[in-house]
Amino acid sequence: MVNDRLRDIGEFVPSADDDMIICRCEEITKGEIRKAVHDGMFTLTEIRRYLRCGMGLCQGQTCSKHVKNIVAKELGISPAELEPATSRVPMRPIEMRIFANEAKEVRSDE
Amino acid sequence: MKRYDLIIVGAGPSGLSAAIEAAKRGMNVIVFDENERPGGQLFKQIHKFFGSKEHKAKVRGFVIGKQLLDEAAETGVKVILNATVIGLYQDKEIVVKIGEAVEHYKGNSIIIATGAAENMVTFPGWTLPGVIGAGAAQTMMNIHGVKPGSKILMLGSGNVGLVVGFQLLQCGCEIAALVDAAPRIGGYGVHAAKLARTGVPFYLSHTIVEAEGDACVTGVTIAEIDSSFNFIPGTEKHFDVDTICMAVGLSPMSQLLKMAGCKMEDNPKRGGQVPICDEYGRTSIPGIFVAGDVSGIEEASSAMIEGRMAGIAAAEYLGYIDENELNKELASLDKALSGLRQGMFAPENRGRLIEKTDEGIAVSDSLLKKGYVADDEIERFPGFTHTKGIHPVMECTQNIPCNPCQDACPKGCIKIGKDITALPAVDDSVSCIGCGMCVASCSGQAIFLVDETYEEGYASITMPYEFFPLPEIGIKGKALGRDGQIVCEAEVINVKSLPAFDKTNLLTIKVPVEYASKARFFKAE
């Protein structure tokens, strides 16, 4: 039902707080998230790939609940019906040069 | 790749407790924490904890943190700091960023004790500098010694909002308003009363309309909301503040568990995405355990017990103890944990309006809406008595799991009884010697010593006082009521600061006898 793309969710109706930033790290506004739903992004994973919200420094620690609520409201469903986005490595932001740098030997503090 | 019996992610109260129990049973334990200091949030907690004597009640949070670290060191637990776990893979493989490289570890068992992150609410201006979380305020004040702002609006009346609000006052900040969208104060009444008696106004059923300012917060507007969370026009109130502090709940940081493939659920009662687990922290994957806020938001005292449970359960999983020992150990921890989960603030009572105490006394309505027990309500509670001479007056009016006052009195004046959540009552047959141990022992700062026959026409009132500068004997000022309003003139007649009081000073003031039941705070002129 959540993923039924034929479901009519109505037209995008602009709102006064559309320019309020929701994802601070990637500077994504409430209006952009709402519009994305009307562009056909019905799941949090799609929203994340489409807008990059929740993919910045804090990895969605602050905004994921907000994004979930905004998307749910736009779809007219309960936030609990939305699958959370996938959790994957790296769980915390990390520089690529470190990510690629496997420690050569076991720590010597044993 | 190095292998350990047990790898714990998170060196907070639950992670350290788990590590200690496992190491005590002979397990080889390593704890990773991404922070530069261990202890999680414990070292930010400068207030005395609630609970029973056995569970470190009336001990300040940071002291509990030190005790845990000492115990961990004694039992041979290895804590690696600045170590960020970036992934938990199949077969309990953990990838950790340490320094400039990533390292791989295997655990025969794993305990995830990553805790929680603060929630935020959005409103126009919420991204302005000056809008901070309550945790940030605590980090600034209590770890780094930095004042977060000078005039502050606190959003959230749960225990975090109330406790951090009081710490902001101690730090020298002014709290312009304490605001909550809920119709009733969410945290302990005694915590609210500490703020209210200093004059902090509470605005329930209110929330933030917008924060003002270009480069940083310069003001805030709040308004009342109706039952469907819509602003009621005409109820706007404006405050000139430089800081907005948010204490609007926590969300479990459970992503590692989800990645590992543990069964998860969205459970608003536990704070959001949490692993499905049994009461001892066993997740759907054998050998992966959870403890503390990551499995459902509670507080540090229960997190420590949950940690001990998970540590013991892990020891049994790997065969370090047998099932008999497991059951024996868990039974006593079960009892302790259920003790902490009793009373009006028990998890199952969350959001419910409780009208009567267990003793059948009507709960103070004013306490839930304004943060203080009204003068015409206080007389009905068992801790509030009038006896000749000096005696304790206990303004503890809600059933919360806490009883240090009972043991504090060397004469046995105070009775709570077997039920830890019962309201304290005064035993009139025993005479009070005015030592003040009960006043200093009360984590809620709700006990006063009153002597209505101090001298002709005057009463003396001894109150807990945790502010600087400490008033000197002879200083005159105003006595404030429970509502923070001036009730009468007052003079400081004694100040006691004993090591046994653990930094809670006892301030005694003299007021005209007719105000003996009203004066509860002192403000120097």
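Each value, and the rule that gives it
- Residues numbered from 1 in each chain as written.
- Chains lettered and ligands numbered in written order.
- Predicted model: local features only at pLDDT ≥ 70, side-chain atom pairs only at ≥ 80, totals over all residues.
- Heavy atoms only, no water.
- Helix = DSSP H or I, 4+ residues; strand = E, 2+ residues; numbered from the N terminus.
- Rg over C-alpha atoms; globule rule 2.2 N^0.38 Å.
- Buried < 20%, exposed > 50% of the residue type's maximum accessible area, 1.4 Å probe, protein only.
- Contact = heavy atoms within 4.5 Å.
- Areas by Shrake-Rupley, 256 points an atom, 1.4 Å probe, with all protein chains shown as cover.
- Lys, Arg positive; Asp, Glu negative; His and termini not counted.
- Charge placed at Lys NZ, Arg CZ, Asp CG, Glu CD.
- Salt bridge = Lys/Arg side-chain N within 4 Å of Asp/Glu carboxyl O.
- Axes fitted to C-alpha atoms, helices over the stretch in contact; angles between N-to-C directions.
- Parallel < 35°, antiparallel > 145°, perpendicular 65-115°, else oblique.
- Left-handed = near helix turned anticlockwise from the far one by under 90°.
- Nonpolar A, V, L, I, M, F, W, Y, C, P; charged D, E, K, R; others polar.
- Core = buried A, V, L, I, M, F, W, Y, C linked by side-chain atoms within 4.5 Å.
- Buried area = accessible area lost by both parts, 1.4 Å probe.
- Polar contact = N/O pair within 3.5 Å; in protein donor to acceptor, adjacent residues only side chain to side chain.

A closer look at the overall build of chain B
Here comes step 1: The helix and strand tally for chain B stands at 12 helices and 28 strands.
Here comes step 2: For 525 residues, the compact-globule estimate of 2.2 N^0.38 gives 24 Å, and chain B sits close to it at 24 Å.
Here comes step 3: With the principal axes as the frame, chain B shows a C-alpha extent of 80 × 60 × 40 Å.
Here comes step 4: Here chain B holds 525 residues, and the buried ones make up 57% of them.
Here comes step 5: Partitioning the contacts of chain B with sequence separation of at least 6, the portion at a separation of at least 24 is 61%.
Here comes step 6: Counting only carbon and sulfur atoms, one obtains 51% of the accessible surface of chain B, whose full area is about 20,800 Å².
Here comes step 7: Distance from the positive charge centre (50 side chains) to the negative charge centre (64 side chains) of chain B: 3 Å.

So, the side chain of Arg197(B)
Residue and element names in this part refer to chain B.
Here comes step 1: Take Arg197: it is sitting in the loop between α5 (189–196) and β11 (202–204).
Here comes step 2: Buried and unpaired, Arg197 has no salt bridge, with Glu395 as the nearest side chain of opposite charge at 5.7 Å.
Here comes step 3: Excluding anything up to four places from it in sequence, Arg197 contacts Gln445, Phe448, Leu480, Gly481, Arg482, Gly484, Arg520 and Phe521.

Looking at the packing of helix α3 (residues 134–143) of chain B against helix α4 (residues 159–170) of chain B
All names here are of chain B.
Here comes step 1: α4 packs onto α3 with a crossing angle of 30° between their chain directions and a minimal axis gap of 10 Å. As judged from the angle between their axes, α3 and α4 are roughly parallel. Crossing of α3 over α4 shows left-handed handedness. On α4, the residues that touch Ala134, Ala137, Gln138, Met141 and Asn142 of α3 are Val160, Val164, Gln167 and Leu168.
Here comes step 2: When grouped by side-chain class, the residues that make up the contact of α3 with α4 number 6 nonpolar, 3 polar and no charged.

Regarding the nonpolar core
All names here are of chain B.
Here comes step 1: Leu168, Leu195, Phe202, Ile509 and Val511 are the most contacted members of the largest nonpolar core, which has 51 residues in total.
Here comes step 2: For this core, the element with the most residues is α4, which contributes 5 residues.
Here comes step 3: What Val511 contacts, discounting residues up to four positions off in sequence, is Gly457, Tyr458, Ala459, Ile461, Ala479, Cys488, Glu489, Ala490, Ala516 and Ala519.

Looking at the interface of chain B and chain A
Here comes step 1: Each side of the interface is counted separately: chain B has 38 residues, and chain A has 30 residues.
Here comes step 2: Overall, the association of chain B and chain A removes approximately 3,000 Å² of surface from exposure, summing both partners, and the carbon and sulfur fraction of that is 56%.
Here comes step 3: Our count for the contact surface shared by chain B and chain A stands at 3 salt bridges.
Here comes step 4: Residue Glu100(B) pairs with Arg97(A) through a salt bridge whose shortest N-O separation is 2.8 Å.
Here comes step 5: Applying the counting criterion to the chain B and chain A interface returns 14 residue pairs in polar contact (both at pLDDT 80 or more).
Here comes step 6: Among the secondary structure elements, those contributing two or more residues to the side of chain B that touches chain A are β1 (2–9), β3 (78–80), β4 (83–89), β5 (93–98), β6 (101–112), β16 (250–252) and α6 (255–260) of chain B.
Here comes step 7: The class makeup of the residues in the side of chain B that touches chain A is 19 nonpolar, 11 polar and 8 charged.

Distances and angles like these do not, on their own, reveal function.
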